[in-house]
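# Overview (structure and organization)
Residue strings, one per chain:
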Amino acid sequence: MKTVICQLKKLFFISCLVLIVNSCRKAETEIVSKQYTETKTRTDKAVKQFFTLPNSIEPTIKKVADQISRDNIRSGFLENFIKTRGFALWDKAMVKTTKTKGATLQPARIMRC
């Protein structure tokens, strides 16, 4: 009889311990998930802001921005670029056209964030 009671106590203790550990993990997972979602939202907003072009932008600059957007979809480099270099000032970019080389894009100035 004593051994049965002792085994039930051990089983109860182990069950409580398992419940406590699992409940803590769930809370940690929710916090990490929330932080990831907030970071992802901020990153998406920053990338969207990076590609906000003025309506009067030259078609050559628009093509460059579209190519950077496609490259970012493949490699995801833009988040780090924005953190270290800032946002492009698309309206400050200069396009020089020559007969031999075609259009050449001078890099836009970068606005630190």
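Conventions and cut-offs
- Every chain is numbered independently, its residues counted from 1 as its sequence is written.
- Two thresholds apply to this predicted model, a pLDDT of at least 70 for residue-level local features and 80 or more for giving and counting side-chain atom pairs, whereas whole-chain, interface and lining totals are computed over all residues.
- Hydrogen atoms and water are omitted, and side-chain values are computed over all heavy atoms in the structure.
- Side-chain atoms within 4.5 Å link the members of a nonpolar core, which is a set of buried Ala, Val, Leu, Ile, Met, Phe, Trp, Tyr and Cys residues.
- Burial classes: relative accessible area under 20% of the type maximum marks a residue as buried, over 50% as exposed, and values in between as partly exposed (1.4 Å probe, protein chains only).
- A run of H or I in DSSP counts as a helix once it spans at least four residues, and a run of E counts as a strand once it spans at least two, with each numbered from the N terminus.
- Any pair of residues with heavy atoms lying within 4.5 Å of one another is described as a contacting pair.
- Confidence of the predictor in every single residue is expressed as pLDDT, which spans 0 to 100.
- Within this document, salt bridges are pairs made up of a side-chain nitrogen of Lys or Arg and a carboxyl oxygen of Asp or Glu, the two lying within 4 Å of each other.

It is worth spelling out the nonpolar core at this point. Across soluble globular proteins, nonpolar side chains show a tendency to be buried alongside one another. If you look at the biggest cluster of nonpolar residues, it comprises 14 residues, and the most contacted ones within it are Phe50, Phe51, Leu78, Ile82 and Trp90. Looking at this core, the elements that each hand over two or more residues are α1 (2-50), α2 (59-75), α3 (78-85) and β1 (87-88). When residues of this core are assigned to their parent elements, the largest contribution, three residues, is made by α1. Beyond its immediate sequence surroundings of up to four residues, Phe51 is in contact with Ala65, Ile68, Ser69, Leu78 and Trp90.

With that settled, the discussion passes to the confidence of the model for the chain. Per-residue confidence for the chain gives a mean pLDDT of 77; residues scoring 70 or more make up 75%. Across the chain, α2 holds the top mean pLDDT of 88, while strand β4 (residues 110-111) sits lowest at 54.

Below, the discussion takes up the pattern of salt bridges. According to the stated counting rule, one finds three salt bridges in the structure shown. Across the pair Asp66 and Lys62 runs a salt bridge whose closest N-O atoms are separated by 3.2 Å. Within this pair, Asp66 and its partner Lys62 are both found in helix α2, separated by four residues, close to a single helical turn. Glu79 is the salt-bridge partner of Lys83, the closest N and O atoms lying 3.4 Å from each other. Of this pair, Lys83 and Glu79 are both found in helix α3, four residues apart, which corresponds to roughly one turn of the helix. Overall, the relative accessible area of 62% leaves Lys83 in the exposed class. Here Glu79 falls in the partly exposed class, since its relative accessible area comes to 31%.

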